[in-house]
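Chain by chain, the residues run as shown.
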Amino acid sequence: MNNNYDVIVIGSGNAGLSLATTMAQAGKSVALFEKHNIPGGCGTSFCRGRFEFEVALHQLSSMGTNVNPGPLRTLFKEYGILDQIEWVEIDTLFSINLPDGRSVSIPADREKAEKSLSEVFPEEKEGILKYFEICFNFYKEASAFAAKSAQSTGEPSAMKKAIMKMGFPKIYPTLAKYGARSTDEVLAELFKGKEIQLCLSAYWCFMGVPPEKFPFSILAQCTAIYISDKPYYVRGGSQMMSQALTEAIRKAGGEVKFNCGVDKIIVENNVAVGVIDENGVKYTANQVVSNISPTMTYNRLIEKENLPEGVIDYFKNYEVGISALTCFIALDCTPEEIGFKDSFNLTYNSLDANGDFKNAYCLDSKIDPIVSTCYTVDDKDGYPAGTSVLTAGTLKFSEAWEKLTPEEYYDAKYAAANDIVDRLEKFYPGFRSHIEEIEVATPLTHMRYLGHPGGSIYGYEQNLKSSVFFFPQETFIKNLEFASGWVNTCGFGPNYLYGNKVAKKLLSEV
Ligand SMILES: Cc1cc2nc3c(=O)[nH]c(=O)nc-3n(C[C@H](O)[C@H](O)[C@H](O)COP(=O)(O)OP(=O)(O)OC[C@H]3O[C@@H](n4cnc5c(N)ncnc54)[C@H](O)[C@@H]3O)c2cc1C
């Protein structure tokens, strides 16, 4: 058996799969190691009864349309998988269930969003128009700045240095004005009412930090990207993309090994030269790429004596981010019958999102904002007729869950799920009586399946200090690279694109 490769990839999450695809299609010999028995990491699904449940994807970004393709559509076309997948365009960004019982839906179209929000909040019209103007300008300037800094130098800290350069505010006025501010700060400046602020800040839940800590830079770009490129869902779930990429790697001659976790990275004289899998088999490679967290990579996969000086201290600056408690639910009625109009919904308990978010440290789900997606709203044909398939959950830190005994765990998990169902019942009367299947995942489930510290679903916390401009990208061990939501913006789209970017960089260095 030939155990020598150009590239070894540890983990088949989005970035691991796209990196391996780019490398294999460029003619490199690739081996991808995955500890689970299916590909995808967060991008997987599972079955209960007659239903297949999506694990993670609420909305796919960066696809664009056939006429106006986004970067992800272009990448999937290059990979040859675009036509193997059925893409479902979603026409609303999200709908917000406010504490006063109103539901406010935001269309995935700038003009329509401005119009419908101005109808619901007429006194805020001026702020609404200004908000969208800022988001789109921010996105335009951020894209121009990223393209410029990518051209100018390959140094990872180039962005930080460039920010300090004279003249930056003149060339990038929106970035300079809003780039380092929180969502709460900017929205409070634009709007009088709390309700409109809750409606527009909803993407904080995609990064797992509340509006007071959520960088406005990310909110602005999420809003502009999802409107420009439209939110998408995938018929059959995100597992379809993971499967298609696995087949693309194999078709290009690469190997994908399931039930085959990496136990150790072999490091000689500060150079990564291969891995040892969980069965003790040794493999060598010119390049090792980790699709898992730097925390686990350095602490678990590398022998202590091979750890470079300073690496553990360096990562102490990065806080492990939040996990989630998710109920996977199938109803024996259509979305219309139960009142789901939009697929992606955020349900608030009060106008104080920051205060309610603090419950993320507790076991119960009595006040946390509920993130829910009803897939059958936009994709009826993908599920059994006359049913609704959805996920509904809250963001949770793992600590409280890690302290429970097995008996306490069981009770706590179903009590928290019960809280969520009770609260949904208020917005969607009859909800509980229609439940045909329900399964619950906690932070411990995410720890078990992904192997990430704290069961983190979004990597390191992406707050004002450690977001977009400040990812940990320093290299400590030669020929050991990282490609994942831990060193890049989290999310499906961003990580498929990032895996490809890292692969291109490695190919250009050979
Ligand atoms: C509940 C939930 C909801 C989400 N909602 C959205 C959304 O709507 N939109 C969006 O864009 N993003 C969403 N995300 C985030 C998005 O899914 C992630 O940011 C992205 O998938 C991370 O990809 P990744 O490449 O970092 O790999 P991961 O998905 O983290 O995968 C890492 C892989 O490495 C494997 N692995 C771990 N240890 C080893 C080892 N020692 N050896 C071999 N393999 C190993 C794991 O089994 C896993 O397959 C959500 C995530 C979750 C969990």
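Residues numbered from 1 in each chain as written. Predicted model: local features only at pLDDT ≥ 70, side-chain atom pairs only at ≥ 80, totals over all residues.

With respect to the site of the ligand
The test is simple: To decide nearness, the C-beta atom of each residue is placed from the backbone, and the residue is near a molecule or strand if that atom lies within 6 Å of it. The secondary structure listing takes helices from DSSP runs of H or I that are at least 4 residues long and strands from runs of E that are at least 2 residues long, numbered from the N terminus. Amino acids are sorted into nonpolar (Ala, Val, Leu, Ile, Met, Phe, Trp, Tyr, Cys and Pro), charged (Asp, Glu, Lys and Arg) and polar (every other residue, Gly among them). As used throughout, domain bounds are those supplied by an automatic or database domain assignment.
Gly11, Gly13, Gly41, His58 and Gly491 are the nearest of the 36 residues found near the ligand. Residue assignment for the shell around the ligand shows that the elements contributing at least two residues are α1 (14–25), β13 (323–331) and α19 (492–509). Of the residues in the shell around the ligand, the class split is 14 nonpolar, 20 polar and two charged. When we break the shell around the ligand down by domain, the ones giving at least three residues each are domain 1 (4–44 + 58–83 + 238–318 + 476–509) and domain 3 (322–450).

Examining helix α11 (residues 239–251)
Stated formally: Under the convention used throughout, the expected extent of a helix is 1.5 Å for every residue step, that is, one less than its residue count. By the criterion used throughout, residues are in contact when their C-beta atoms, derived from the backbone, lie within 7 Å.
In a regular helix each residue adds 1.5 Å, so 13 residues correspond to 18 Å; α11 covers 18 Å between its end C-alpha atoms and thus fits that length. In the core, the buried residues of α11 are packed alongside α1, β2 (30–33), β3 (45–48), α2 (71–79), β8 (232–234) and β9 (255–257). Positive phi shows up at Gly253, right after α11, with a value of about 95 degrees.

A few points about unusual backbone geometry
Selection rule: Burial in this document is a count-based property: other C-beta atoms within 10 Å of a residue's C-beta are tallied, and the residue is buried at 20 or more, exposed at 12 or fewer, or partly exposed in between, with C-beta positions derived from the backbone.
Of note in the backbone geometry, Ser62 takes a positive phi value of approximately 70 degrees without being a glycine. Note that Ser62 resides in the loop between β4 (51–54) and α2. On the neighbour-count criterion, Ser62 (23 C-beta atoms within 10 Å) is buried. Despite not being glycine, Asn270 has its phi angle at roughly 65 degrees, a positive value. Among the structural elements, Asn270 can be located in the loop between β10 (262–268) and β11 (271–277). Taking the C-beta count within 10 Å as the criterion, Asn270 has 13 such neighbours and is therefore assigned partly exposed.

Describing the sheet that holds strand β16 (residues 388–396)
Quick reminder of the rule: Think of it this way: DSSP has to see at least two bridges between two strands before they count as a pair. A fitted line through C-alpha atoms represents every axis, and for helices the fit uses only the stretch in contact; the resulting angles, taken between N-to-C directions, go from 0 to 180 degrees.
Taken together, seven strands build an open sheet; the order of strands is β7-β6-β14-β15-β16-β13-β17 and the sheet is mixed. Two strands bound the open sheet, and with one partner strand each, they are β7 (103–107) and β17 (435–441). For this sheet the average axis-to-axis angle between neighbouring strands, irrespective of direction, equals 20 degrees. Both strand β6 (residues 92–97) and strand β14 (residues 344–347) contribute to a ladder of three bridges, which runs parallel. Note that in β14 the partner of Asn97 across the bridge is Thr347. Most of the contacts of helix α17 (residues 406–427) go to β17, to which it runs at about 130 degrees, and overall it touches β6, β13, β14, β15 (370–374), β16 and β17.

Structural notes on the environment of Val55
Mapped onto the secondary structure, Val55 falls in the loop between β4 and α2. Along the sequence, Val55 and Cys42 sit 13 residues apart, while their C-alpha atoms lie 6.5 Å from each other. Those residues in contact with Val55 that sit more than four places away from it in its chain are Cys42, Thr44, Ser45 and Phe46.

Notes on the domain arrangement of the protein chain
Domain boundaries assigned for the protein chain yield domain 1 (4–44 + 58–83 + 238–318 + 476–509), domain 2 (106–228) and domain 3 (322–450). Opposite the nine residues of domain 2 that make contact, domain 3 presents ten residues. Looking at side-chain class alone, the side of domain 2 that touches domain 3 contains five nonpolar, one polar and three charged residues.

Here we look at the environment of Leu175
Along the polypeptide, Leu175 turns up in helix α7 (residues 173–178). Residues Leu175 and Asn137 lie 38 residues apart in sequence; the distance between their C-alpha atoms is 8.6 Å. Among residues more than four places away in sequence, those in contact with Leu175 are Phe138, Glu141, Ala142 and Phe145.

Notes on the pairing of β13
Of all nine residues that make up β13, nine are buried, and the element is covered over most of its length. By the alternation rule, side chains of β13 split into Ser323, Leu325, Cys327, Ile329 and Leu331 and Ala324, Thr326, Phe328 and Ala330, which are all buried. Looking at chain direction, β13 and β16 are connected through nine bridges and run antiparallel. Looking at β16, one finds that Ala330 is bridged to Val389. By the bridge criterion, six bridges tie β13 to β17 in an arrangement that is antiparallel. Its bridge partner being in β17, Cys327 is matched across the sheet by Val440.

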